[in-house]
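Examining the three-dimensional arrangement
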Amino acid sequence: MWSWVAHRVTGVLIFFFLLVHVLDTALVRVSPEAYNAVIGTYQTPIMGLGEAGLVAAIVFHAFNGIRIILVDFWAKGPRYQRTMLWIVVGLFVVTMAGFLPRHLMNVFGGGH
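Residues numbered from 1 in each chain as written. Predicted model: local features only at pLDDT ≥ 70, side-chain atom pairs only at ≥ 80, totals over all residues. Heavy atoms only, no water.

Going by an unreviewed UniProt entry, the protein carries the name Succinate dehydrogenase and comes from Cellulosimicrobium funkei. The UniProt entry for the protein carries the following text under Sequence similarities (unreviewed entry): "Belongs to the cytochrome b560 family." (UniProt positions renumbered as here; feature names shortened; annotations may be inferred.)

In structure tokens, the structure reads:
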């Protein structure tokens, strides 16, 4: 149940990120100065933490999406859905453990 909710929530968050990304990138055609101002606001520690959250949402959504495909289209998928959920959680933790330290060093100034 919670993986179902998390999959929907991460999908919606990724959609809204893509919407904002398209809009702020399109701003460069309207006003390069406004585009630079908007991009400048993104270079803050709060946005860096938001980027980490975005990566977490994408990683979970991708791995869980593969699990959902396997449950739906693999004959043994429903039998192993709980095991596959734990594999998704493990892959998520390993992926984020590899990403977060370097990303946070860059966000908070230690990666230069």
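From this point, the discussion proceeds with the structure in view.
With respect to the UniProt feature "transmembrane region" (unreviewed entry) in the protein
Per the UniProt record, "transmembrane region" (unreviewed entry) is annotated on residues 49-71 and 83-100. Between the C-alpha atoms that bound residues 49-71 the distance is 33 Å, and the span itself is 100% helix and 0% strand. Annotation note: span residues 83-100, helix share 100%, strand share 0%, distance between end C-alpha atoms 25 Å. (Helix = DSSP H or I, 4+ residues; strand = E, 2+ residues; numbered from the N terminus.)

Comments concerning helix α4 (residues 81-107)
For α4, which comprises 27 residues, the first-to-last C-alpha distance of 37 Å matches the rise-based estimate of 39 Å (1.5 Å per residue) to within 8%. Remark: the principal bend of α4, roughly 30 degrees, maps to Leu100, with a proline, Pro101, within the next four residues. Looking at α4, one finds that the buried residues are Met84, Val88, Met96 and His103. In the stretch just after α4, Gly109 is the one whose phi turns positive, near 90 degrees. (Expected span 1.5 Å × (residues − 1). Bend = angle between axes of the 7 residues up to and from the residue. Buried < 20%, exposed > 50% of the residue type's maximum accessible area, 1.4 Å probe, protein only.)

Description of the packing of aromatic side chains
Counted under the stated rule, the structure contains three aromatic pairs. Residues Phe15 and Phe16 carry aromatic rings whose centres are separated by 5.4 Å and whose planes lie at 65 degrees to one another, so their mutual orientation is edge-to-face. Seen from their ring centres, Phe60 and Phe92 are 6.5 Å apart, and the 85 degrees between their planes marks the pair as edge-to-face. Linking Phe60 in helix α3 (residues 45-73) with Phe92 in helix α4, this pair joins segments that are 32 residues apart in sequence. The exposure class of Phe60 is buried, given its relative accessible area of 14%. (Phe/Tyr/Trp six-rings, centres within 6.5 Å; stacked < 30°, edge-to-face > 60°.)

Focus: the UniProt feature "binding site: heme" (unreviewed entry) in the protein
Mapped onto this numbering, the UniProt entry gives "binding site: heme" (unreviewed entry) at His61. Here His61 is to be found in helix α3. Overall, His61 belongs to the partly exposed group, its relative accessible area being 24%. A distance of 2.9 Å separates polar atoms of two side chains, one belonging to His61 and the other to Thr10. (Polar contact = N/O pair within 3.5 Å; in protein donor to acceptor, adjacent residues only side chain to side chain.)

Quick notes on the packing of α3 against α4
Where α3 meets α4, the axes come as close as 9 Å, and the angle between the chain directions of the two elements is 160 degrees. Regarding the angle of α3 to α4, the classification is roughly antiparallel. In the packing of α3 onto α4, the handedness of the crossing is right-handed. Here the contact of α3 with α4 is built from residues that sort into 20 nonpolar, five polar and two charged. (Axes fitted to C-alpha atoms, helices over the stretch in contact; angles between N-to-C directions. Parallel < 35°, antiparallel > 145°, perpendicular 65-115°, else oblique. Left-handed = near helix turned anticlockwise from the far one by under 90°. Nonpolar A, V, L, I, M, F, W, Y, C, P; charged D, E, K, R; others polar.)

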